[in-house]
Amino acid sequence: MARRASPQILVVDPVMVATSGDSLLEPDAEHAMITFCSRATVVTPNIEELARLTGGERAHDEQAALEQAREWSARTGVAVVVKTGHLDSATVTNTWVDPDGTCLPVPSTRLSSTSTHGTGCSLAAALATRLGGGVAPQAALAWSTQWLHEAISHGEALRVGSGHGPVDHSHRARRLQAAGESTPGSIQERSHPSSTPRTRSLRRSAPRSRQRRGSSPRSPRPGHGRRRCGGPASRWPGRSRNPTS
């Protein structure tokens, strides 16, 4: 049977405006980016970039941002992921807006972290991977949002540079790898990049002495089951077993 070709997926994170509101592209380049976005499968702009795409004012609440996305998506036929991370709200929501007006929200909790550099590109890359694998839009966005949330929450532990640092893209992979191992130890220990493995000693239990039927249990001798180097139970030739001799 011929293998069915997967559809081409183009996810674009239009890097045009920084979080501070400063433009990152020259006017001609920004116009080219807007044209390019109209040919994508889905775009993942921040609030400022969404305003540039639609030619409107910056949205100050989620509802206004969704309205902008619906209008642009219906006009271009390109889906939009509306991200409310730059808005003032306790809950952060990534919403998939389809050209037919359907909204698929994926809520998450806001994190207080300085590891937020590159979050937009990271989300777009994760989303492209899931969509390219045939995952439905809402499920793909939910997975990508959860993965990014975990990456942000552990980013500061990387201790990279200063200011707004990167997220920990590999934390989830290390956590799952650690969860699948049989080696004793906490997941946090082995998933943290700067942690070092601790040495653990495993001591065999002392063999139980055989007991004759009808006899009372014998009290174990002091030190039974343990051996010290050069002690009374030394197996090296030429050493006495009697410590008093």
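This report concerns the structure included in the present document. (Residues numbered from 1 in each chain as written. Predicted model: local features only at pLDDT ≥ 70, side-chain atom pairs only at ≥ 80, totals over all residues. Heavy atoms only, no water.)

## So, the overall build of the protein
Secondary structure assignment for the protein yields seven helices and five strands. Element order for the protein, N to C, with α for helix and β for strand: β-α-β-α-α-β-β-β-α-α-α-α. Burial statistics for the protein: of 245 residues in total, 29% are counted as buried. A separation of at least 24 residues holds for 51% of the contacts in the protein among residues at least 6 apart in sequence. Carbon and sulfur atoms make up 51% of the accessible area of the protein, which totals about 16,700 Å². (Helix = DSSP H or I, 4+ residues; strand = E, 2+ residues; numbered from the N terminus. Buried < 20%, exposed > 50% of the residue type's maximum accessible area, 1.4 Å probe, protein only. Contact = heavy atoms within 4.5 Å. Areas by Shrake-Rupley, 256 points an atom, 1.4 Å probe, with all protein chains shown as cover.)

## A closer look at the packing of aromatic side chains
Per the stated rule, a full pass over the model turns up one aromatic pair. Between W143 and W147, the ring centres sit 6.4 Å apart and the planes meet at 5 degrees, which makes this aromatic pair stacked. On the criterion of helical spacing, the pair formed by W143 and W147 is a turn pair, its members being four residues apart in helix α5 (residues 137–153). For the cation-ring pair, R130 lies above W143, with the distance from its terminal atom to the ring centre recorded as 4.3 Å. (Phe/Tyr/Trp six-rings, centres within 6.5 Å; stacked < 30°, edge-to-face > 60°. Lys NZ or Arg CZ within 6 Å of the ring centre and 35° of its normal.)

## As for helix α3 (residues 62–76)
The α-helix winds at 3.6 residues per turn, so residues separated by three or four positions along the chain end up facing the same way. Between its first and last C-alpha atoms α3 spans 21 Å; for 15 residues at 1.5 Å apiece the expected length is 21 Å, and the two agree. Those residues of α3 lying buried are A65, L66, Q68, A69, W72 and S73. Around the axis of α3, the buried residues are gathered within 160 degrees of arc, so they sit on the same side. In α3, the exposed residues that point more than 90 degrees away from the buried face are A74 and R75. As for α3, its buried residues are in contact with α1 (27–37), β2 (42–43), α2 (47–54), β3 (79–83) and β4 (91–97). Two or three places before Q63, at the start of α3, stands the capping residue D61, its side-chain oxygen 3.2 Å from that residue's backbone nitrogen. Trailing α3 by a residue or two, G77 shows a phi angle of about 80 degrees, which is positive. (Expected span 1.5 Å × (residues − 1). Arc of directions from axis to C-beta. Polar contact = N/O pair within 3.5 Å; in protein donor to acceptor, adjacent residues only side chain to side chain.)

## Brief notes about the environment of A151
Tracing the backbone shows A151 in helix α5. Owing to a relative accessible area of 1%, A151 belongs among the buried residues under this scheme. With 29 residues separating them in the primary sequence, A151 and S122 have C-alpha atoms 9.6 Å apart. Apart from residues lying up to four places away in sequence, A151 is in contact with V167, D168 and H169.

Coordinates in, geometry out; function isn't part of it.
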